[in-house]
Amino acid sequence: MTTMTTTETGAETPQAARRRWRPRQGWLGFLFDCANAGVLLALCFVTFYPFYYVVVASLSQPVALMAHQGLLLWPQGFSLEAFQRVWDNPMVRSGYFNTLVIVLGGTSLNLLLTCFGAYALSRRRLAFETPAMLFIVFTMFFSGGLIPNYLLVRDLGLLDSRWAIVLPFAVSAWNLIILRAAFIAVPKDFEDAARIDGANDFTILFQVYIPLCLPTLAVVGLFYAVAHWNGYFYSMIYFTDRDLFPIQLVLREILVTNSTDSMMTGAAAGREAIGNTIKYATVVVATLPILAIYPFLQRFFVKGVMLGGVKE
Amino acid sequence: MSAPLPRRAGRLARLKQDWRRNKWVYAMLAPVIGYFLLFHYVPMYGTLIAFKDFDPALGFAASPWVGLDWFRQFFHGLFFDRLVFNTLLLNLYDLLFGFPAPIVLALLMNELTSSRFRRFVQTVTYLPHFISVVVVAGMLIDFLARDGVINQIVASLGGTPDAYLNNPDWFRAIYVGSEIWQSVGWGSIIYLAALAGINPSLYEAARVDGANRWQQMIHITLPGLAPVIMTLLILRLGQMMTVGFEKVILLYNPSTYETADVISTYVFRRGVLEANYSYAAAVGLLNSAVALTLLVVSNRLSRRLTGNSIW
């Protein structure tokens, strides 16, 4: 498996150079350029407006928002009451905490085991390399399905334990293959030099391979972390203890099953109205962290698609 | 490091040497293999409950075998046609509209003359990919509600408001539309990279021959993208039996089961919610088997037709 191209999109590509000297192509070409820009701008609007709407609505005066009809372009009045109520909600706080524990703990375990697996399977002289590889790759194509997995977790006594959403997802075969490819690409000389200095495999992994493959490791780690951050389904089926609910499950209650009641106490007038702004504020609070780090992550994500997307 | 043994040495001696040389490697590999064994292969073995009348009180081994009873029950069941039809149709629509969307987006972005504008479009369109499915579903529910933004706009244009998420006619459009909204930008990354890999001298040659932009796209750009498109298409075809059921579960309700209920959601309801483990496992196993077959067939087909395959 190799990466098809290492050119980052957005960087100066041969195409960009080609484009600069391309002659204008008459009226038809100009019309096409205008239409193209128009279509893409419209797409950007459609993509971005829902986020903008949610932010603006969350800052609005609840009753004024209810009265407003049609496209919302700026906050109707201004109120931070919804954010206050979201912040005061113990479920939101514990959800945040639980998600943080899962993301940090889960991702650490993911990375450790994926590094071990990728390192072991990048040893071309290992006697069981091929069978072990087949053993792992096969799981990408066939799985036992939801029910046997559920029964396994139940029989292991993991229901209502954080392990239930960490252990069954400890290694992703896909990520392991990506990291293995990166390890294989490391020149053998580094390893030989370390061995002559008396390093064992653990030292070589942690002091040679991991530092050399840090960018790939970052991408793989981000994939794991985002999956933990966004996951709700398995917490939904494995957790009944509300103290364990991660933020996405709390969000589901507020947004999908529509229960903002616990946060509406004391809001006799305009109960329905404040319920709406609470929803928007919840979305903002739950999406903000990922949006805040998004610009910094973007280049990693682009690299990640390139690493994982094309194989030979 | 000890030198490899000569070829004449016995198999056992070689294994011994391998063990001496790689014992730390095996120590690392052991937990990984253990993980796959426990959490992937044990559930595969566990699918045997599809052929048993699994009784939690008796346990796995003691539950009686019932052969293909559960499969028969599903085939003859009330929902068989509906579930298979919904699963395939939802996938077909997603394939028809969702698969070309990132290709079109990449082609349009590729024609942009300003690289700053292109980066702006990319940054904005990637964004929804990182929003959790719960938030996406929440926004959809809110915007599509009877008094939601969409209906306010519809009403102001003179249309009649509708409770879209309670109307089975709208479910597929909502599902596929939101899927495209969330993934089109992210999906286009890989095509943009492939476009960047096309040799610019091909375009120069074409221009010298008098090809216009449209002809350049048909004769150079699309053939250049073909291998990537083919590979991704195979992967997609192999997933014809799996839909993003996490989203379906958040968006559907009994009034839209008619078009929204798919095999995975049915397995979830019958298995996890109603504890009909054996029946749900049988339905799930059938689904996985068909999915695996589709993947193998489409891969073989692609290798024969285009020389591209994923293994």
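The structure presented is a predicted model; accordingly, all values stated were derived computationally and were not measured.

**Student:** Which parts of the structure should I look at to understand the overall build of chain A?
**Tutor:** Helix and strand content of chain A: 14 helices and zero strands. Listed N to C, the secondary structure of chain A is α-α-α-α-α-α-α-α-α-α-α-α-α-α in terms of helices and strands. Sorting the 312 residues of chain A into buried and exposed places 52% on the buried side. Taking all contacts inside chain A whose residues are at least 6 apart in sequence as the whole, residues at least 24 apart take part in 72%. Of the roughly 14300 Å² that chain A leaves accessible, carbon and sulfur atoms contribute 68%.

**Student:** What is the right way to look at the pattern of salt bridges in this model?
**Tutor:** If charged atoms from side chains of opposite charge come close, those side chains can pair. A full pass over the atoms with the stated rule returns 14 salt bridges over all chains. Notably, a salt bridge pairs Lys247 of chain B with Glu179 of chain B, separated by 2.6 Å at the nearest N-O pair. In this pair, Lys247 of chain B is assigned in helix α11 (residues 245-251) and Glu179 of chain B in helix α8 (residues 168-196), connecting sequence segments 68 residues apart. With a relative accessible area of 23%, Glu179 of chain B lands in the partly exposed category. One network of salt bridges, in which partners are shared, links Arg123, Lys188, Glu191, Arg195 and Asp201 of chain A.

**Student:** What exactly am I supposed to notice about the interface of chain B and chain A here?
**Tutor:** By a widespread convention, an interface's size corresponds to the accessible area lost as its parts come together. Across the boundary between the two partners, chain B contributes 96 residues, which contact 106 residues of chain A. With both chains or domains summed, chain B and chain A bury close to 9700 Å², and 74% of this area falls on carbon and sulfur atoms. For chain B, the biggest contributors to the area lost against chain A are Met28, Phe130 and Arg213 of chain B; these three give 8% of the whole. As a salt-bridge pair, Asp142 of chain B and Lys279 of chain A come within 4.0 Å of each other at their nearest N and O atoms. For the pair chain B and chain A, the number of links is 10 residue pairs in polar contact (both at pLDDT 80 or more). The dominant element in the side of chain B that touches chain A, judged by the number of residues it contributes, is helix α1 (residues 11-46) of chain B, at 23 residues.

**Student:** Would you mind going over the confidence of the model for chain B with me for this structure?
**Tutor:** Where the model shows low pLDDT, its predicted coordinates should not be examined in detail. Put simply, chain B has an average pLDDT of 84, and 95% of its residues get 70 or more. For chain B, helix α7 (residues 149-156) of chain B is the element with the lowest average pLDDT, namely 81, and helix α4 (residues 100-110) of chain B is the one with the highest, namely 90.

**Student:** What's the story with the packing of helix α7 (residues 146-155) of chain A against helix α13 (residues 263-273) of chain B in this structure? I'm lost.
**Tutor:** For the pair α7 of chain A and α13 of chain B, interaxial distance at closest approach is 10 Å and the crossing angle is 30°. Compared by their axis directions, α7 of chain A and α13 of chain B come out roughly parallel. In this structure, α7 of chain A meets α13 of chain B at a crossing whose hand is right-handed. Between α7 of chain A and α13 of chain B, the residues in contact are Leu146, Ile147 and Tyr150 of chain A and Val267, Phe268, Gly271 and Val272 of chain B, respectively. Counted by class, the contact of α7 of chain A with α13 of chain B contains six nonpolar, one polar and no charged residues.

**Student:** Before we go on, may I ask you to explain the nonpolar core in this structure?
**Tutor:** Soluble globular proteins tend to pack their nonpolar side chains together in the buried interior. Formed by 109 residues in total, the largest nonpolar core has its most connected members in Ile147, Tyr232 and Phe233 of chain A. The element contributing the most residues to this core is helix α14 (residues 271-309) of chain A, with nine residues.

**Student:** Even after reading the chapter, I still don't get the packing of helix α5 (residues 115-126) of chain B against α8 of chain B, so can you show me in this structure?
**Tutor:** Any two packed helices are characterised by how steeply their axes cross, that is the angle between the axes, and by the distance between the axes. Residues and elements named next belong to chain B. In the contact formed by α5 and α8, the axes pass within 8 Å of each other and the chain directions differ by 135°. Looking at the two axes, α5 sits oblique to α8. Taken together, the residues of α8 that come into contact with α5 (itself represented by Arg118, Gln122, Thr125 and Tyr126) are Gly185, Trp186, Ile189 and Leu192. Split by residue class, the contact of α5 with α8 holds four nonpolar, three polar and one charged.

Rules of the game
Sequence order as written defines the numbering, with residues in each chain counted from 1. All chains are assigned letters beginning at A, and all ligands numbers beginning at 1, according to the order in which they are written. Predicted model: local features are reported for residues with pLDDT of at least 70 only, side-chain atom pairs are reported and counted for 80 or more only, and whole-chain, interface and lining totals are derived from all residues. Hydrogens and water are ignored here; the side-chain numbers use all heavy atoms of the structure. Secondary structure elements are defined from DSSP: runs of H or I of at least 4 residues count as helices, runs of E of at least 2 residues count as strands, and each element is numbered from the N terminus. Whether a residue is buried, partly exposed or exposed follows from its accessible area with a 1.4 Å probe, protein chains only, as a fraction of its type maximum: under 20%, in between, or over 50%, in that order. By definition, residues are in contact when any of their heavy atoms lie within 4.5 Å. Each accessible area value is a Shrake-Rupley result obtained with a 1.4 Å probe; residue values ignore everything except the protein chains displayed when judging cover. A pairing counts as a salt bridge when a side-chain nitrogen of Lys or Arg comes within 4 Å of a carboxyl oxygen of Asp or Glu. Once two parts are brought into contact, the accessible area they lose, counted with a 1.4 Å probe and summed over both, makes up the buried area. Counted as a polar contact is a pair of N or O atoms within 3.5 Å, where, for protein atoms, one must be capable of donating a hydrogen and the other of accepting one, and residues adjacent in sequence contribute only when both atoms are in side chains. The score called pLDDT rates the predictor's confidence residue by residue, from a low of 0 to a high of 100. Whenever a helix is involved, its axis is fitted only over the stretch in contact; in every case the axis is a line through C-alpha atoms, and angles between N-to-C directions fall within 0 to 180 degrees. Angles are sorted into four bins: roughly parallel if under 35 degrees, roughly antiparallel if over 145, roughly perpendicular if 65 to 115, and oblique for all others. Definitions for this section: a left-handed crossing has its near helix turned counterclockwise from the far helix by less than a right angle. A right-handed crossing has that turn clockwise. Under the scheme applied here, ten amino acids are nonpolar (Ala, Val, Leu, Ile, Met, Phe, Trp, Tyr, Cys and Pro), four are charged (Asp, Glu, Lys and Arg), and all others, including Gly, are polar. Definition of nonpolar core: a set of buried residues of the types Ala, Val, Leu, Ile, Met, Phe, Trp, Tyr and Cys, connected through side-chain atoms within 4.5 Å.

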